[in-house]
Number of protein chains: 4
Amino acid sequence: MELSVEKTASGREYKVRDMSQADFGRLELDLAEVEMPGLMSCRTEFGAAQPFKGAKITGSLHMTIQTAVLIETLTALGAEVRWCSCNIFSTQDHAAAAIARDSAAVFAWKGETLQEYWWCTERALDWGPDGGPDLIVDDGGDATLLIHEGVKAEDAYAKDGTLPDPESTTNAEFKIVLTILRDGMKENPQKYHKMAERLVGVSEETTTGVKRLYQMMDNGSLLFPAINVNDSVTKSKFDNLYGCRHSLPDGLMRATDVMIAGKVAVIFGYGDVGKGCASAMKAAGARVIVTEIDPICALQALMEGYQVLRLEDCVEYADIFCTTTGNKDIIMVSDMRKMKNNAIVCNIGHFDNEIDMEGLETFPGVKRITIKPQTDRWVFPDTKRGVIILAEGRLMNLGCATGHPSFVMSCSFTNQVIAQLELWNERTSGKYEKKVYVLPKHLDEKVALLHLEKLGARLTKLSDDQASYINVPVGGPYKPAHYRY
Amino acid sequence: MELSVEKTASGREYKVRDMSQADFGRLELDLAEVEMPGLMSCRTEFGAAQPFKGAKITGSLHMTIQTAVLIETLTALGAEVRWCSCNIFSTQDHAAAAIARDSAAVFAWKGETLQEYWWCTERALDWGPDGGPDLIVDDGGDATLLIHEGVKAEDAYAKDGTLPDPESTTNAEFKIVLTILRDGMKENPQKYHKMAERLVGVSEETTTGVKRLYQMMDNGSLLFPAINVNDSVTKSKFDNLYGCRHSLPDGLMRATDVMIAGKVAVIFGYGDVGKGCASAMKAAGARVIVTEIDPICALQALMEGYQVLRLEDCVEYADIFCTTTGNKDIIMVSDMRKMKNNAIVCNIGHFDNEIDMEGLETFPGVKRITIKPQTDRWVFPDTKRGVIILAEGRLMNLGCATGHPSFVMSCSFTNQVIAQLELWNERTSGKYEKKVYVLPKHLDEKVALLHLEKLGARLTKLSDDQASYINVPVGGPYKPAHYRY
Amino acid sequence: MELSVEKTASGREYKVRDMSQADFGRLELDLAEVEMPGLMSCRTEFGAAQPFKGAKITGSLHMTIQTAVLIETLTALGAEVRWCSCNIFSTQDHAAAAIARDSAAVFAWKGETLQEYWWCTERALDWGPDGGPDLIVDDGGDATLLIHEGVKAEDAYAKDGTLPDPESTTNAEFKIVLTILRDGMKENPQKYHKMAERLVGVSEETTTGVKRLYQMMDNGSLLFPAINVNDSVTKSKFDNLYGCRHSLPDGLMRATDVMIAGKVAVIFGYGDVGKGCASAMKAAGARVIVTEIDPICALQALMEGYQVLRLEDCVEYADIFCTTTGNKDIIMVSDMRKMKNNAIVCNIGHFDNEIDMEGLETFPGVKRITIKPQTDRWVFPDTKRGVIILAEGRLMNLGCATGHPSFVMSCSFTNQVIAQLELWNERTSGKYEKKVYVLPKHLDEKVALLHLEKLGARLTKLSDDQASYINVPVGGPYKPAHYRY
Amino acid sequence: MELSVEKTASGREYKVRDMSQADFGRLELDLAEVEMPGLMSCRTEFGAAQPFKGAKITGSLHMTIQTAVLIETLTALGAEVRWCSCNIFSTQDHAAAAIARDSAAVFAWKGETLQEYWWCTERALDWGPDGGPDLIVDDGGDATLLIHEGVKAEDAYAKDGTLPDPESTTNAEFKIVLTILRDGMKENPQKYHKMAERLVGVSEETTTGVKRLYQMMDNGSLLFPAINVNDSVTKSKFDNLYGCRHSLPDGLMRATDVMIAGKVAVIFGYGDVGKGCASAMKAAGARVIVTEIDPICALQALMEGYQVLRLEDCVEYADIFCTTTGNKDIIMVSDMRKMKNNAIVCNIGHFDNEIDMEGLETFPGVKRITIKPQTDRWVFPDTKRGVIILAEGRLMNLGCATGHPSFVMSCSFTNQVIAQLELWNERTSGKYEKKVYVLPKHLDEKVALLHLEKLGARLTKLSDDQASYINVPVGGPYKPAHYRY
């Protein structure tokens, strides 16, 4: 795509694949709203008061139909919003079009190059001369990363004129980040400082992004308050678990139409995501093998009847390999060479370095046969055996399917809205320092509550006597902070 | 589409959506072959002998990638093949293109009108002046039906010049059949008699089609031998059950992206298809309600923990309704009016009369909103509530997704190949009369055997002593005919 | 026990472990009646008419609480009954006591020797000078076997005075049978001929017993009509499947208290019993391996996610081994020697020759440590590793627990009652020849129907129009004979 | 039983049901050791060093086979031990006998009266003139409670001679506690002060007991350090969840032999225990309804396909009711009156006040029919319908079966051993104040690690590079403290 900003009739900026898909996007948005009771309740509860009036929110989060409902909840509460996706394959173009046309500045399309990806991220952060954003909604932490790297680079430049050097890294993506920072430095050498200073805070929703935040907090480099939305129970124990249980088979089916029953599926990692993935594969009739480094999670896997092995033990006979670890170098090209013909290799963790794509791409003589977008067969020259790689090693559920379904995303995104409200409402109170916070349990419980009626549930009420017996308020919160659910 | 026959460079007839998709179809065919060991074994075992040399085979069966592998197995064994789909939405256009270009005469595209559908069926049966077909591969029995109706009409015409009268029926589809027969009668008043006379037999693979065949056998109207492939264990207990377990959620996800977990799903009918569907919904976290007329199947459903109710008991609170009965008038428009907003209504049984689409389409003031092809929201004027209808009430797994996966279809289609071989090899022996037959158990066991190695199974061998103790041959068959598996 | 017949005050014969347990038995009978709606319906429907008036029924079937409800149903319908168990460990002594005291002549106790077992079987068949029985309720076919062997022996004796020779067999149990026949021959050389002549028929309920009957029918040696109750759908697809799914874990827990989760369980055979067992082990969190000789059943196991291997592949690492094959020599002592320490070895098939108990018992230096009745640890002298054998290799669910629960046995036993009624009502009509019959489908459906209300199910009713469309009567039967459920 | 202390030949005190069962207990202990790798590893790792040399440990914890292995692990590490059970029905008499004979002072038998129960607790705390205990292993907190109440009473008595007044409470059990304290006060008015002063600490393993400890910590009344073993992941997410998944069906089967498949089971509470119970009932083929007060847990239940209702919604049609809440007054007698005949009512939570046993016992005209110990049918006079109460409303898995299986208890008890070691080793260091602590994560992970090999698991090892990427030590701990598993 040509990297130029377009404008709607009303003057709002955007860059999307195809504005003509906006109607289709709107139709699916209408359906999604019915499945997202938490977000719709936020509109009902807070809409009239316009609590976000004056707030400029930048989001870096998969530009899907569900995200579109989130964005329009933020705008319904008064915010002005700019958005980019946090993954090159995860955008649903009709969702992007509908939002760009109707509600917010969107810079996202399915199948961005890395160059395009960071250009979009820059655009989403670019609020023009009046400055902004005030708040960031982050997924994976790339918006946050860019600001922190920007500040670091500006400090170096201010000190002695050192410019960021793209050649200083072998990481292709980080090279681009450094290029961006270098190219903009002279023109605006305090851009990220200003941004960081203004920022009220970020809410971050992935395990991966949160880990980065805690590291920054621990080493004192965090530049603004952060709310860890991932560790709301109604996020990590729902979206990560039940979302992936839904979207792993969805992605596999859309990408490959493969029969899962009877196959051997290896799930790497048995955290919340891995638990959902293993459960889905078992439910579909596969035999599941789990790999783990953590003995507690390994023992959990065993208690569910999964075999716990190392990759080397099963690499030659398994049919489906799915990484969920949040770590890197999980499946190397040397592993892929040992696999059965047409073994399926995919990743559902946030980043694309769980699978050694670089090793595969540079393997001498390897041949890539694109079956369809996001489904490639890579054939090794000597064995003539191929492996089928989904979404080029990136999030397969968003690359090959449409990600998590609306209902579970309503839980996650209601947490996002609440976190954003909390940061904004307390922007002057000093409640939040440059640290990482989780939402209080009563808000977590509230998010769940907003999703019960849709499913026909009837909650039991505690009597005063019972509440006092177990020493909790009648209206909750019902569990101690350390409770694991 | 314009209803005109096209020809390949080699002169083979076809009509498909888009010949340029042939390469894509070939790539998916390559993948599917790896997943269809039964069919590939047939090629290996029988290919050299060319047993179908001289045989003209007409197929009326969903023109998917899997069917493409079947067709190329038939041609690899020497047959000449003409093909149409047996459902207006089930064709995969890239599969049709690949076959049309490379292997057989194909008349099929996704989204035929009923008019187009029967035109395609006629074309698949039209072998030109030399006559044919010799064999039919049928799914649902439409090719067989056309021939039987044709013979009936020709008899009436021969008797007293009576022509078929499309006005004699209110059934829209049957009106078309009668029109076709009427329009062709004068030109070729013995066309179907000649066809029926020549026909060696048909192999039929659906519960629905088989029921028709038995009815015809019972009332003496069956015109040629038939092999009931549906009741091979490796068909009805695999494709119907495990195929639907896979493709129901696949269709739901592709059509609606709806979260299945937490929802109430009503499965109508608890036969093999219903068992697969209920199991899939339970596995995905839904609460499942089953409706049944047969107390035995109802008791089976209860033993698996499903609630057994009538539609009227749950119509107002369920979220997903899926018919699998093979019967008609299962969900009426009066039922749909009572449903929750955006309840999903779909059918995975062979015919489209399980759901009262006519009642819905003609409901005063109803509004149809097409979200995307095969996904419509129908809104009732008074309540403003909508129901989401998949694939216009037809087979939702083929209309909204890609049908059953290759591996399980390999079981079904290997039965088809074996049945066709059996009919052809015995065409002069008189072994098969104008009756319905099932394949002998040792062939059924053979089909299963061909699929074990791919899944890494190791079969135990009986000793002579053990075989004699349980009174079976060491090599099988291992079970009495009445065994239920 | 001393082998002497005792008499109640009313003069009815019996031999049980402890008559003082009759009250306890009655209490559990009261509970069981509530769980056995099929049998209780028979009492309601037929009781007043006393259809069994004059009928003498001998039963050879596990003398449990559920069987007690069956017996009292037979007597409530007018029959006179004598009973023995068909397994040395399966009697529940309180059930036997209650029946002996209140309703019928019982000869059964938990822990019979083989000698005692056959003495009990003789007693159950011994109706005294007036002769009998008229009908047999059989489970495994031992009562039927004794009569057939008796007739064979009497023929030989009549011919040339040849007496049965216990030394002619190495089978310990058959030696006893021959001894019994030999010892009684002189006194009553036509005993079994008279019995066979009088017999109206037998109803048999096990896969194993039925196989014997078909063999006798096929070779022309069957002496009276037989109804194969096992192959009623409401028997083999319920009792065998759901009964074992319940009672395998029950037996394992009562015998060993072992944690099933995390263990590797090998199920031998994937018929109805094996399906139930595998499902139970998976549900409890075990990893399940299936062994099979039949490729169809093997493929079914794979589709459920089970690994299909041979014993030799997993003998060294599996934790639980359970045979369900109906075949012999499944686990040999040479296999047991290779097992892990404290591997659990058990059998849930009808006969005790699936496990090589003789090989184990006679293994040089092996040491038997009885943990408690029916739970033994056998330690090999060299390895010091032990295997835990349940119920001495016999039916572990009846030996170590209480067998199948009442509700599912109500299905099986209602079939028995209906079969007995059918035989008795048609005793003079000539309807039944010396062949094996299955019950007609409408009776099978009726049995199911009688069990629906208890579980709160609401059956859907066919309209006339629908019934005619699918060509079945509105009231059933709904399926063709070959339907597999 | 006569409440008199007996002595072994070696002079160790005890009171058990039947010393002749010691051999049987030892046999089962031998089996259990093989299933408890965590405890056996403790013996191997620490045994030689005798770290508990000089420590007097009192335990109040179900006196089962598994506990026996725990006790002998403590003694193998050098401790002197006195033990009572923490539930009147949970003792396994053969386990008590084996320990009393061989290893420790035991005061416990199955079926204690409340009077006897507290006598046993007193005995377990009574170390004679030299004083003790040094450490307490507690389950439910009764030993801890007695000491705290004792201290409170002694304070009152010291102040103004006030004696505990049993009439001051209507709680039958607390009346007994007060009586004990009153009766012993004059003789030894500083008994509990001395005990509390000496005590190094307690380790507590139940949700219920831990809640009490936190309450005491919060209000400043906690008299000695406590380690919350319950909230070790390897306890609450294993024993509570997988233990109950095993032992709920076990208890139901042993107590009632009821068929679970097809039934409606209501699980009260969806915490770890409720999750295990619901999962077990679903796996056994029941339809599961969950009641919850906490919206988060309710939403989790919905995601697994359970219906979430209030008791009032389903009281009339459900078959099985099981409380797991840790709260009181969950099922009242007024509820029980509405239930179906022979509905099963049971509790698997720690205390017996979840079910309104007092209301039931005092209901006018109610009739109790004891089927067998711990299985009673209570019949209401007007309706003639009965409810079946298990274990008199107490822990049904321990009252009606044998509690959790060895393997999962090995996890829990390894935590106990580690906690006791920690308290004892740090007894002089001041590390532990009068607060409640949880074990550090690396010890939790270690407990899991000790249980992997037995199940054949192979843990993946992190590379240094990977460990650094995710910022954890190569050897763990691998998760942040708030991680929920």
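All values derive from a computational prediction rather than experimental measurement.

Conventions and cut-offs
Residues numbered from 1 in each chain as written. Chains lettered and ligands numbered in written order. Predicted model: local features only at pLDDT ≥ 70, side-chain atom pairs only at ≥ 80, totals over all residues. Heavy atoms only, no water. UniProt positions renumbered as here; feature names shortened; annotations may be inferred. Contact = heavy atoms within 4.5 Å. Helix = DSSP H or I, 4+ residues; strand = E, 2+ residues; numbered from the N terminus. Phe/Tyr/Trp six-rings, centres within 6.5 Å; stacked < 30°, edge-to-face > 60°. Buried < 20%, exposed > 50% of the residue type's maximum accessible area, 1.4 Å probe, protein only. Lys NZ or Arg CZ within 6 Å of the ring centre and 35° of its normal. Pairing = 2+ DSSP bridges. Salt bridge = Lys/Arg side-chain N within 4 Å of Asp/Glu carboxyl O. Polar contact = N/O pair within 3.5 Å; in protein donor to acceptor, adjacent residues only side chain to side chain. Disulfide = S-S within 2.5 Å. Least-squares fit on C-alpha atoms with pLDDT ≥ 70 in both. Axes fitted to C-alpha atoms, helices over the stretch in contact; angles between N-to-C directions. Parallel < 35°, antiparallel > 145°, perpendicular 65-115°, else oblique. Nonpolar A, V, L, I, M, F, W, Y, C, P; charged D, E, K, R; others polar. Left-handed = near helix turned anticlockwise from the far one by under 90°. Buried area = accessible area lost by both parts, 1.4 Å probe.

**Q** Before we go on, may I ask you to explain the UniProt feature "binding site: substrate" (unreviewed entry) in chain A in this structure?
**A** Residue and element names in this part refer to chain A. In the numbering adopted here, UniProt assigns the feature "binding site: substrate" (unreviewed entry) to T64, D139, E205, K235 and D239. With residues up to four places along the chain from it excluded, the contact list for D139 reads S60, L61, H62, C86, E204, E205, T206 and H350. Examined against the element boundaries, E205 turns out to sit in the loop between β7 (201-204) and α9 (207-218). When residues no more than four places from it in sequence are discounted, the contact partners of E205 are L61, D138, D139, V229, N230, K235, D239, M409, F413 and Q416.

**Q** Is there a simple way to explain the packing of aromatic side chains in this structure?
**A** We describe a pair of aromatic rings using the distance from one ring centre to the other and the angle between the two ring planes. Considering all chains together, one arrives at 36 aromatic pairs over all chains under this definition. Ring centres of Y117(B) and W118(B) lie 5.3 Å apart, and the angle between their planes is 85°; this geometry places the pair in the edge-to-face category. Here Y117(B) and W118(B) have matching classes, each one buried. Plain terms: the ring middles of Y483(B) and Y485(B) are 4.8 Å apart, the flat faces sit at 85° to each other, and that makes the pair edge-to-face. Each member of the pair, Y483(B) as well as Y485(B), carries the same accessibility label: buried. A connected cluster of aromatic rings, assembled from ring pairs, spans F107(A), W109(A) and W119(A). Directly above the aromatic system of Y483(B) lies the positively charged group of K479(B), at a separation of 5.2 Å from the ring centroid. Above the plane of the ring of W424(D) lies R427(D), whose end atom (NZ or CZ) is 3.8 Å from the centre.

**Q** I tried to follow the pairing of strand β6 (residues 135-138) of chain D on my own but got confused; where do I start?
**A** If a strand is regular, its side chains alternate between the two faces of the sheet. Residue and element names in this part refer to chain D. Alternating positions in β6 separate into two faces, L135 and V137 on one and I136 and D138 on the other, with burial throughout. Two elements, strand β3 (residues 56-60) and β6, share 4 bridges in a ladder whose sense is parallel. The residue of β6 that forms the bridge with G59 is V137.

**Q** How should the interface of chain D and chain A be read in this particular structure?
**A** It is common to give the size of an interface as the accessible area lost on bringing the parts into contact. Listed per partner, the contact involves 68 residues of chain D and 68 residues of chain A. Counting the contacts that link chain D with chain A gives 10 salt bridges. For D313(A), the salt bridge goes to R458(D), with nearest N and O atoms at 2.8 Å. At the junction of chain D and chain A, the tally comes to 32 residue pairs in polar contact (both at pLDDT 80 or more). Looking at the side of chain D that touches chain A, the element that brings in the most residues is helix α13 (residues 295-303) of chain D, giving 8 residues.

**Q** Just checking my understanding: could you explain the state of the cysteines for this structure?
**A** Disulfides are covalent bonds that connect the sulfur atoms of two cysteines. Taken as a whole, this structure holds 0 disulfides over all chains when the rule is applied. You can see C120(A) has no disulfide; the closest cysteine sulfur is in C84(A), sitting 6.9 Å from it.

**Q** What is the right way to read the side chain of H404(C) from this model?
**A** All names here are of chain C. Along the chain, H404 falls in the loop between α17 (396-399) and α18 (406-425). Among the residues examined, H404 registers a relative accessible area of 12% and is labelled buried. Of note is the side chain of H404, whose polar atom sits 2.6 Å from the side chain of D239. When sequence neighbours within four positions are dropped, the list of residues in contact with H404 reads Q66, D239, G243, C244, S247, N397 and M409.

**Q** I tried to follow the relation of the copies chain D and chain C on my own but got confused; where do I start?
**A** Of the transformation placing chain D onto chain C, the axial shift is 0.0 Å and the rotation is 180°, giving an RMSD of 0.1 Å. What the rotation and shift describe, once combined, is the action of a two-fold rotation axis. Every residue of chain D has its C-alpha some distance from the rotation axis, and the shortest such distance is that of A283(D), at 2.6 Å. In this assembly, 100% of the residues forming the interface of chain D have copies in chain C that are likewise at the interface, indicating an isologous arrangement.

**Q** What is the right way to look at the environment of V290(B) in this model?
**A** All names here are of chain B. Structurally, V290 can be placed in strand β10 (residues 287-291). Between the C-alpha atoms of V290 and R458, which are 168 residues apart in sequence, the distance is 36 Å. Contact partners of V290, with chain neighbours within four places excluded, come to I267, Y270, A278, A301, Y306, Q307, V308 and L309.

**Q** I'm lost on the packing of helix α5 (residues 114-125) of chain A against helix α6 (residues 142-160) of chain A in this one. Help?
**A** Helix-helix packing is described using two parameters, namely the angle between the two axes and the distance between the axes. Residue and element names in this part refer to chain A. Running from N to C, α5 and α6 cross one another at 80°; their axes reach a closest spacing of 10 Å. With respect to each other, α5 and α6 are oriented roughly perpendicular. Of α6, the residues touching α5 (which contributes Y117, W118, T121, E122 and L125) are D142, A143, L145, L146 and I147. Of the residues belonging to the contact of α5 with α6, the class tally is 7 nonpolar, 1 polar and 2 charged.

**Q** What is the right way to read the packing of helix α3 (residues 65-76) of chain C against α18(C) from this model?
**A** Residues and elements named next belong to chain C. Between α3 and α18, the least distance of the axes is 10 Å, while the angle of their chain directions is 35°. The chirality of how α3 crosses α18 is right-handed. Across the interface between the two elements, Q66, T67, L70, T73 and L74 of α3 pack against S406, M409, F413, Q416 and V417 of α18. Looking at the contact of α3 with α18 residue by residue, the classes come out as 5 nonpolar, 5 polar and no charged.

**Q** Sorry, what's going on with the relation of the copies chain D and chain A here?
**A** Superposing the two chain copies requires a rotation about an axis and a translation along that axis. When chain D is fitted to chain A, the residual RMSD is 0.0 Å, and the transformation amounts to a turn of 180° plus an axial shift of 0.0 Å. By residue overlap, the copies meet face to face through one surface: 100% of the interface positions of chain D are interface positions in chain A.

**Q** What is the right way to read the interface of chain D and chain C from this model?
**A** Contacts between the two partners involve 38 residues from chain D and, on the opposite side, 38 residues from chain C. Considering only the surface of chain D that becomes buried against chain C, L31(D), D257(D) and M259(D) emerge as the three largest contributors, covering 19% of it. Put simply, chain D and chain C have 6 salt bridges between them. D257(C) serves as the salt-bridge partner of R254(D), at 2.9 Å between the closest nitrogen and oxygen. Joining chain D to chain C, the criterion identifies 8 residue pairs in polar contact (both at pLDDT 80 or more). For the side of chain D that touches chain C, the elements supplying multiple residues, two or more each, are α1 (22-35), α11 (239-256), β14 (367-372) and α18 (406-425) of chain D. In terms of residue class, the side of chain D that touches chain C is built from 19 nonpolar, 8 polar and 11 charged.

**Q** How should unusual backbone geometry be read in this particular structure?
**A** Residues apart from glycine generally show negative phi values, whereas peptide bonds are mostly found in trans. Cis geometry marks the peptide bond from G132(A) to P133(A), where omega comes out at 0°. Mapped onto the fold, P133(A) is located in the loop between α5 and β6 (135-138). Within the chain, Y485(B) stands out as a residue other than glycine whose phi angle is a positive 60°. Within the element layout of this structure, Y485(B) appears in the segment after α20 (464-469). At E392(C), a residue that is not glycine, the phi angle is positive and equals roughly 55°. Relative to the elements of secondary structure, E392(C) occurs in the loop between β16 (386-390) and α17.

**Q** How should I be thinking about the pairing of strand β7 (residues 201-204) of chain C in this particular structure?
**A** Residues and elements named next belong to chain C. Neither face of β7 is exposed, since G201 and S203 on one face and V202 and E204 on the opposite face are all buried. For β7 and strand β8 (residues 226-228), the ladder comprises 3 bridges, and the chain directions are parallel. From the neighbouring strand, V202 faces β8, where its bridge partner is A226.

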